[in-house]
Amino acid sequence: MSTKVAVINATPIPPRSSRMIIDALRNMGVEVKYVPLQYLGLLVGEGESRICLGKDFLELEGGILRGIGSIVTVEQFFARVAILKFLEERGIYLMNSLQSLISTRNKLETLITLYRKGIPVPFTIVSENLRFLYDTLKEKGINDFVLKPIMGSRGYGSIRIQDVDILFQVGKTLLSNNLPPLIQRYVDKPKRDIRAFVIGDEVVAAMYRYSEKSWKTNIAQGAIGIEVKLKGELEELAIKSTKTLSLEYAGVDIVEENDRYYVLEINGSPDFEGLMKVTGIDIPEKIAVHFLSKLRR
Ligand SMILES: Nc1ncnc2c1ncn2[C@@H]1O[C@H](COP(=O)(O)OP(=O)(O)O)[C@@H](O)[C@H]1O
Ligand SMILES: [Mg+2]
């Protein structure tokens, strides 16, 4: 019997990256279903204990978890997390694991975890107390910083601010919408950062992302990728960061400043199309191979 696996995401139709992973798995002879989280159903109690997709019982050995939703309410988040946890507890192998994906969706949790494991991260401050933020930044003399959403990606919503009073006004608006601002010292990087793509114990591809237009060097913000082979300290940093968050594969963003490196974030469901174009490396195939090797272990 063939292996039954899923690619799980939070959109009714698979995004291109999910589609590419599905194709890679199919090419390897695997039976793959795309599973949108909003179509799952959970039955529990009085003898019931199962998960359905539409009307059918969902029979799975494992899944590649590509997302849990980016614009969701706390209730949706709780429901989806509970269902995915139920799957994992039934022995269905998820990659990345639910816990590790949740940790990377939360930029604050990611930074704290990295910091605690000795990985360099830029000075970061979070509070729902605006006065505290304002006074601390003034005291520390930090007047070039980035305000980021706790849960964000592709550079969307991050703002560079060079005046604490602007922060005060922006922060006030965010907080009145119940959005705690995450503030980070602006790292005076060259006009580039580094994106390392780690699978298992290996950096399988990496690129410099250059931007003349924006301080944000996401490909989605118009940056241009140029392949780079990571060695030594940088390679180790990317792999260690991935392991620290118990991820099987990840996109690691690293910036340089005065011969020092800082990890900005780790993405547990990273995009790879840009990196594929730049390096010619078949990343979805590598993700599929790694997933199957873990699943069959
Ligand atoms: N503290 C910082 N100093 C300098 N540049 C930053 C900083 N934080 C983010 N950036 C720039 O913004 C981009 C997006 O930030 P990042 O934290 O990776 O969030 P996202 O999830 O939106 O990619 C980074 O690739 C980098 O170019
Ligand atoms: Mg990033």
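Residues numbered from 1 in each chain as written. Chains lettered and ligands numbered in written order. Predicted model: local features only at pLDDT ≥ 70, side-chain atom pairs only at ≥ 80, totals over all residues. Heavy atoms only, no water.

1. Some thoughts on the domain arrangement of the chain
No. 1: Its domain assignment divides the chain into domain 1 (4-95), domain 2 (104-120 + 188-279) and domain 3 (124-185).
No. 2: Counting from both sides, the interface comprises 11 residues of domain 1 and, opposite them, 9 residues of domain 2.
No. 3: For the pair domain 1 and domain 2, the two sides together bury roughly 830 Å², of which 57% comes from carbon and sulfur.
No. 4: If you sort the residues of domain 1 by the area they bury against domain 2, Met20, Arg66 and Met95 come out on top, with a joint share of 56%.
No. 5: Counting across the domain 1 and domain 2 interface gives 1 salt bridge.
No. 6: Note that arginine 16 and glutamate 273 form a salt bridge whose closest N and O atoms lie 2.8 Å from each other.
No. 7: Linking domain 1 with domain 2 are 4 residue pairs in polar contact (both at pLDDT 80 or more).
No. 8: Only helix H1 (16-27), strand S6 (62-65) and strand S7 (93-95) provide two or more residues apiece to the side of domain 1 that touches domain 2.
No. 9: The leading source of residues in the side of domain 1 that touches domain 2 is H1, at 4 residues.
No. 10: Each residue belonging to the side of domain 1 that touches domain 2 can be placed in one class, and the counts come to 7 nonpolar, 2 polar and 2 charged. (Domains from an automatic or database assignment. Contact = heavy atoms within 4.5 Å. Buried area = accessible area lost by both parts, 1.4 Å probe. Salt bridge = Lys/Arg side-chain N within 4 Å of Asp/Glu carboxyl O. Polar contact = N/O pair within 3.5 Å; in protein donor to acceptor, adjacent residues only side chain to side chain. Helix = DSSP H or I, 4+ residues; strand = E, 2+ residues; numbered from the N terminus. Nonpolar A, V, L, I, M, F, W, Y, C, P; charged D, E, K, R; others polar.)

2. Remarks on the coordination of the magnesium ion (ligand 2)
No. 1: Only Asp253 (OD) and Glu265 (OE) from the protein reach the magnesium ion (ligand 2) as donors, at distances of 2.0 Å. In this pair, aspartate 253 is assigned in strand S15 (residues 249-257) and glutamate 265 in strand S16 (residues 260-267), connecting sequence segments 12 residues apart. Exposure class is identical for aspartate 253 and glutamate 265. Each is buried. (Donors = N, O, S within 2.8 Å, 3.2 Å for Na, K, Ca; no water. Buried < 20%, exposed > 50% of the residue type's maximum accessible area, 1.4 Å probe, protein only.)

3. Section: the sheet that holds S7
No. 1: The strand order S2-S1-S6-S7 describes an open sheet built from 4 strands, whose pairing is parallel. The two strands at the open ends of the sheet, each matched to only one other strand, are strand S2 (31-36) and S7. The average angle at which neighbouring strand axes cross in this sheet is 25°, direction not considered.
No. 2: Pairing of strand S1 (residues 4-9) with S6, which is carried by 4 bridges, proceeds in the parallel orientation. Its bridge partner being in S6, alanine 6 is matched across the sheet by glycine 63. (Pairing = 2+ DSSP bridges. Axes fitted to C-alpha atoms, helices over the stretch in contact; angles between N-to-C directions.)

4. A look at unusual backbone geometry
No. 1: Of note, the amide linkage connecting methionine 95 to asparagine 96 takes the cis form, showing an omega dihedral of -10°.
No. 2: As for its position among the elements, asparagine 96 is in the loop between S7 and helix H3 (98-105).
No. 3: Although it is not a glycine, asparagine 178 sits at a positive phi angle of roughly 60°.
No. 4: Tracing the chain through its elements places asparagine 178 in the loop between helix H6 (164-176) and strand S11 (182-185).
No. 5: For asparagine 178, a relative accessible area of 67% translates into the label exposed.
No. 6: Its identity as a non-glycine residue notwithstanding, asparagine 258 has a phi of 45°, on the positive side.

5. A closer look at the packing of H3 against helix H4 (residues 107-116)
A pair of packed helices is characterised by two quantities: the angle between their axes and the separation of those axes.
No. 1: Relative orientation of the contacting elements H3 and H4 amounts to 105°, with a least axis distance of 5 Å. As the angle between them shows, H3 and H4 are arranged roughly perpendicular. From H3, Gln99, Ser103, Thr104 and Arg105 reach across to H4, where they touch Lys107, Glu109 and Thr110.
No. 2: Of the residues that constitute the contact of H3 with H4, the class distribution is no nonpolar, 4 polar and 3 charged. (Parallel < 35°, antiparallel > 145°, perpendicular 65-115°, else oblique.)

6. Observations regarding the side chain of serine 127
No. 1: Tracing the backbone shows serine 127 in the loop between strand S8 (124-126) and helix H5 (130-140).
No. 2: We classify serine 127 as buried; its relative accessible area is 14%.
No. 3: Of note is the side chain of serine 127, whose polar atom sits 2.8 Å from the backbone nitrogen of asparagine 129.
No. 4: When sequence neighbours within four positions are dropped, the list of residues in contact with serine 127 reads Phe132, Leu133 and Pro181.

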